Amino acid sequence: MRDDLSPAQRLLSLLDHLAISRAHIATQLPGDIAELAAATPDRLAGVVLCAPMYLDAGPFTGLANRVLMVSGGSGPSFEMTMRAAARLPGAERHFLDGYEAQTWSDVVADRTAELVDRMLGFLARFPADAPCPPAIAGSHAGISYRIEGSGPALLLLPFFHAPSQWTPAIPLLARQFTVVSLGGRYLGSIALLEDRARAPTYRAMFRTLIDVIAPEPGEAILDVGCGAGSLDRLLAQRLGGANPITAIDLNPFYLKEAEVLAAEEGLAAAIRFLEGGAEALPFPDAAFGAIFSVTVLEECDADRAIMEMVRVVAPGGRIGIIVRSLDLPQWWNLDLPKSIRRKIAQPPRSIAANGVADASFYRRMRRAGLEGLVCFPSLLTLDRPQRPLWRPREDYALSLLTAEELPIWNAARDKAVEDGVLMTSWPFHCAVGTKPRASRQRVSNPQSFIRAHAASIRPRRKYPSVSRIWATTTSIRKHAPISCIAKGNVLSLAKLFAETAHRIATGARRTNAQDSLRYFIGDKLVRGCSIMDAGSMRCEQMRVDASIGCVFRQTINECKASDAVPIGKRRNASIRISQVFNP
Ligand SMILES: C[S@@+](CC[C@H](N)C(=O)[O-])C[C@H]1O[C@@H](n2cnc3c(N)ncnc32)[C@H](O)[C@@H]1O
C-alpha cells in the first residue's frame, strides 16, 4: 500500500470495499475526515465530532447541518467547538457538563450513556446505507476494520490517547447501527505519533537523548509511556538487539497497535510491551540501566513519575525525558501581522493538573536527585503540509483566526508555499540526568562515621605537600557528601579529598584522582576555575567542596582544629566532617 495516500483516499477506498455509499462517521480528530467532508460530503450522513481538540471549521461548512459537536462543559474542547460553531451555523453542540476533556481523556468510558443517547438521537435523522462487507474484520487501504451490529453504517475513527477508545459504547451503538471500528497506522493519534517519529528534527532530538544516555551494551532500557512504540522501534534498530527494551503504557489500545507495528517491522522480539502506569512502575528497584520518556509527563503526576523512574533505574543509570514546552512560543514561517502572530505563537494548553510542560521540568529532575543534568531545549520543525502531523497544528491555528484574518493567513501561506519555505516549529524541553551511585541520607553522627572510616582516609606519599585537612564547621552545602577546609597545595588536597570522598561514597577499595574528580565534579567549571586549575593558585587556605567541585577561599578561623579527627599518622593530617551522607 502506498504510504503517501491521504486519509480521505484511504477512507473512500474502504467505503467502496465495504460497499457503503453513505455512512455516518464519528471522530475526535476532524483532520482525519476533513478532506472527505470537503470533497465528497455526499458520502457522509451524520458527522459526530467528539471532544475535538483541533478543529478547522472550513471543510465542514458544506454539511454543517449534519454535524454534532460534543465537548466538555469547559476546557479546550469546549473552546474549540465554541469557535467552530460561529463558522458552522446549523451545526449542533452537546456539552458534557462538569467534564473537561483533554487529548488523553477517556471520554466514552467516562460518559457512555449520555454520549450514546445523544449520538443515537442525532444520527437517526440522516439516512445512511447498511454495508455489505466481504468480511467482519480485515484491513483495506492500510486501515484495519472490525464490524459489529446491523443497520446503517457508522464508522468510528480512533480517538487521541483515550485508553478505552469507543469500546464501552460499541455494544450500545451496535443495536441500531452496523458499527465499523477503524484503526491502523494511518488514522488518529497512531498516525500522528508515527509521523512525528519520522520528522528529521524529531529524530535528531531523540537521537541526542539516546546519545547522552549512552546505553552500554546489555543494559536494560525502559520506555515510560511508549504510545505506539514508534521511538522504541527506532531505538531497537539503532541498538541492533544489544539491549533488552521494555516499553510500558497505561493505554491498552496503544499497546495492541504497538505490538502489531513492531511485528510488521520484524522487531517483535526486540521490544517487550507491558501495561503499566508511570506513577507506580510495575518493576523492582534498580531494574533498568537507562530509562527514557517522551511527551508523557504532561499527562500525569510529573514529580511522582520522575521519582518512580529514579527508583527503578540502577545507581549510575541515566534518565532521559522530553516534554512539550508551553512556556516557549511556537513559530510559523509566515509573513503575518503582529496581531495574528501573537495569537498563533501560543501552543495549545493541554496539560494535566500535576503535569509538567515548562522549564520547571529541569528543577524537578534535579530535585529528584538526578545529577550531571544535560539539558537541551529543542525545536521540532514541520515542513510537509500533506503529512498527518501538520494538519492538527494548522487546524489549531486556523481555529484561532477571525473571518477577516483567514484570508490574510491563506495569502501568507500561499506565498510561503510559492517560495518553498512553508514551515512551523514547536519547542520541547529535554534533559538527561544520572542517578547518583550513593544515596544521600544524612548520617546521624558524622564524627563516629568518619572515625569508622579513618583508616581509609590516609594521605598518600604522592601528595607530600598535604599538611593538614580540616572539615569546615560552617556553610556546608546541603547536597555535599563531605566538605572540608584544606590548607596546603590545593591541587593535591583536592585530589586527596576527592579520592577519599569517592571511596567513602562508593565503598570502592581503590580509587584514582582522575576518576574521583570526575565522579564528583565531572568537567564542570565552578566559580570560574576548575578543580584541576586550582592547583596553580597555591592559596594558603581553601575550602574544598568535592561534590560540586567548588574550590574557594575561606578563612581557617572558621574551623575548630580541636574538633579534627586525625586521619594519617605520619603526615599529621586531620579531618572533621560536619555533614556526611551515607553511601
Ligand atoms: C503523546 S504520547 C507519546 C508516546 C511516545 N512516548 C512517543 O513519543 O511516541 C503520550 C503517551 O503517554 C501515555 N501515558 C500518559 N499518562 C501515562 C501514565 N500515567 N503512565 C503511562 N503512560 C502514560 C499515553 O497513553 C500515551 O501513549
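Residues numbered from 1 in each chain as written. Predicted model: local features only at pLDDT ≥ 70, side-chain atom pairs only at ≥ 80, totals over all residues.

## Side note on the overall build of the protein
Here's step 1: Looking only at helices and strands, the protein has 18 helices and 25 strands in total.
Here's step 2: Looking at the 583 residues of the protein, the share that counts as buried comes to 47%.
Here's step 3: For the protein, long-range pairs separated by at least 24 residues make up 75% of all intrachain contacts whose partners lie at least 6 apart in sequence. (Helix = DSSP H or I, 4+ residues; strand = E, 2+ residues; numbered from the N terminus. Buried ≥ 20, exposed ≤ 12 C-beta atoms within 10 Å, placed from the backbone. Contact = placed C-beta atoms within 7 Å.)

## A look at the sheet that holds strand 4 (residues 92-100)
Here's step 1: Ordered in space as 4-3-2-1-7-8-6-5, the eight strands form an open sheet in which the pairing is mixed. This sheet does not close on itself; its edge strands, each paired only once, are strand 4 and strand 5 (137-140). The average undirected angle you get between the axes of adjacent strands in this sheet is 20°.
Here's step 2: Note that strand 5 and strand 6 (residues 143-149) share four bridges and pair antiparallel. Bridging across to strand 6, Gly-138 finds its partner in Tyr-145.
Here's step 3: Those strands touched by helix 3 (residues 76-87) are strand 3 (67-74) and strand 4, and its axis lies near 140° from that of strand 3.
Here's step 4: Packed on one face of the sheet, helix 5 (residues 112-123) meets strand 1 (23-27), strand 2 (44-50), strand 3, strand 4 and strand 7 (153-156) and runs near 155° to strand 2. (Pairing = 2+ DSSP bridges. Axes fitted to C-alpha atoms, helices over the stretch in contact; angles between N-to-C directions.)

## Some details on the confidence of the model for the protein
Here's step 1: On average, residues of the protein carry a pLDDT of 81, and 75% of them reach 70 or more.
Here's step 2: Within the model, the stretch residues 439-491 combines pLDDT values under 50 with 143 contacts to residues more than four positions away or in other chains.
Here's step 3: Counted against residues more than four places away or in other chains, residues 520-583, with its pLDDT under 50, gives 162 contacts. (pLDDT = per-residue confidence, 0-100.)

## With respect to the packing of helix 1 (residues 7-17) against helix 2 (residues 31-39)
Here's step 1: Two elements in contact, helix 1 and helix 2, have axes separated by 7 Å at closest approach and are oriented at 70°. Our classification of the angle between helix 1 and helix 2 gives roughly perpendicular. Of the residues in helix 2, those in contact with Pro-7, Ala-8, Leu-11 and Leu-12 of helix 1 are Asp-32, Glu-35, Leu-36 and Ala-39.
Here's step 2: Here the contact of helix 1 with helix 2 is composed, by residue class, of six nonpolar, no polar and two charged. (Parallel < 35°, antiparallel > 145°, perpendicular 65-115°, else oblique. Nonpolar A, V, L, I, M, F, W, Y, C, P; charged D, E, K, R; others polar.)

## Considerations on the site of the ligand
Here's step 1: Neighbouring the ligand are 21 residues, the closest being Gly-225, Gly-227, Asn-251, Ala-278 and Cys-300.
Here's step 2: Residues belonging to the shell around the ligand are distributed by class as follows: 11 nonpolar, seven polar and three charged. (Near = placed C-beta within 6 Å.)

## Focus on helix 7 (residues 188-196)
Here's step 1: Of all nine residues in helix 7, nine are buried, a share of seventy percent or more.
Here's step 2: Regarding helix 7, the residues found buried are Gly-188, Ser-189, Ile-190, Ala-191, Leu-192, Leu-193, Glu-194, Asp-195 and Arg-196.
Here's step 3: In the core, the buried residues of helix 7 are packed alongside helix 2, helix 8 (200-213), helix 9 (230-239), helix 10 (252-264) and helix 14 (390-399).

## Describing helix 15 (residues 405-419)
Here's step 1: Over its 15 residues, helix 15 runs 21 Å from end to end, which matches the ideal 21 Å to within 8%, given 1.5 Å per residue.
Here's step 2: Looking one or two places after helix 15, you find Gly-420, whose phi comes out positive at around 70°. (Expected span 1.5 Å × (residues − 1).)

## Digging into the pairing of strand 12 (residues 288-294)
Here's step 1: By the criterion of burial, strand 12 is predominantly enclosed, with seven of the seven residues buried.
Here's step 2: Strand direction decides the pairing type here: strand 9 (residues 221-224) and strand 12, joined by three bridges, are parallel. What sits directly across from Ile-221, in strand 12, is Ala-290.
Here's step 3: Here six bridges tie strand 12 to strand 13 (residues 313-324), and the two strands are oriented parallel to one another. Of the residues in strand 13, the one forming a bridge with Ser-293 is Ile-321.

## A short note on the pairing of strand 8 (residues 178-183)
Here's step 1: Summarising burial for strand 8: six of the six residues are buried, a large majority.
Here's step 2: Pairing between strand 6 and strand 8: six bridges, direction antiparallel. Residue pairing in the sheet places Glu-148 in a bridge with Val-179 of strand 8.
Here's step 3: Sheet analysis places strand 7 next to strand 8, joined by four bridges and oriented parallel. Counted as the bridge partner of Leu-156 is Ser-181 from strand 8.

## Describing the nonpolar core
Soluble, globular proteins show a tendency: their nonpolar side chains are buried together.
Here's step 1: Among the nonpolar cores identified, the biggest contains 136 residues, and Ala-23 and Leu-154 are the most heavily contacted of them.
Here's step 2: Setting aside anything within four residues of it in sequence, one finds Leu-154 in contact with Ala-23, His-24, Ala-26, Leu-123, Leu-173, Phe-177, Thr-178, Val-179 and Val-180. (Core = buried A, V, L, I, M, F, W, Y, C linked by C-beta atoms within 7 Å.)

## Topic: the environment of Cys-132
Here's step 1: Mapped onto the elements of the fold, Cys-132 is located in the loop between helix 5 and strand 5.
Here's step 2: Distance in space between the C-alpha atoms of Cys-132 and Ala-19 is 5.4 Å, their sequence separation being 113 residues.

## So, the environment of Ala-153
Here's step 1: Relative to the helices and strands, Ala-153 is located in strand 7.
Here's step 2: A tally of 26 C-beta atoms within 10 Å means that Ala-153 is categorised as buried.
Here's step 3: Residues Ala-153 and Val-180, spaced 27 residues apart in sequence, show a C-alpha to C-alpha distance of 7.0 Å.
Here's step 4: Beyond its immediate stretch of four places on either side in the chain, Ala-153 contacts Ile-20, Ala-23, His-24, Ala-128, Asp-129, Ala-130, Pro-131, Phe-177, Thr-178 and Val-180.

## Description of unusual backbone geometry
Here's step 1: Backbone geometry places Ala-19, a non-glycine residue, at a positive phi of 55°.
Here's step 2: Topologically, Ala-19 is positioned in the loop between helix 1 and strand 1.
Here's step 3: On the basis of neighbour counts, which here come to 13 C-beta atoms within 10 Å, the residue Ala-19 falls in the partly exposed class.
Here's step 4: In this structure, Ala-286 is a non-glycine residue whose phi angle is positive, near 55°.
Here's step 5: Its 14 C-beta neighbours within 10 Å are what place Ala-286 among the partly exposed residues.

## A short note on the packing of helix 8 against helix 9
Here's step 1: Viewed as axis vectors pointing N to C, helix 8 and helix 9 meet at an angle of 60°, and their least axial separation amounts to 11 Å. Between helix 8 and helix 9, the interaxial angle falls into the category oblique. Every pair of crossing elements has a handedness; the one defined by helix 8 and helix 9 is right-handed. Each of Arg-203, Phe-206 and Ile-210 in helix 8 lies in contact with helix 9, whose residues at this interface are Leu-231, Leu-234, Leu-235 and Arg-238.
Here's step 2: When its residues are assigned to classes, the contact of helix 8 with helix 9 shows five nonpolar, no polar and two charged. (Left-handed = near helix turned anticlockwise from the far one by under 90°.)

## Focus: the environment of Val-312
Here's step 1: Within the fold, Val-312 resides in helix 11 (residues 302-312).
Here's step 2: Residue classification places Val-312 among the buried residues on the basis of 21 C-beta atoms within 10 Å.
Here's step 3: As a C-alpha pair, Val-312 and Ala-286 span 26 residues in sequence and 4.3 Å in three-dimensional space.
Here's step 4: Setting aside chain neighbours within four positions, we find Val-312 in contact with Leu-222, Leu-281, Phe-283, Asp-285, Ala-286, Ala-287 and Phe-288.

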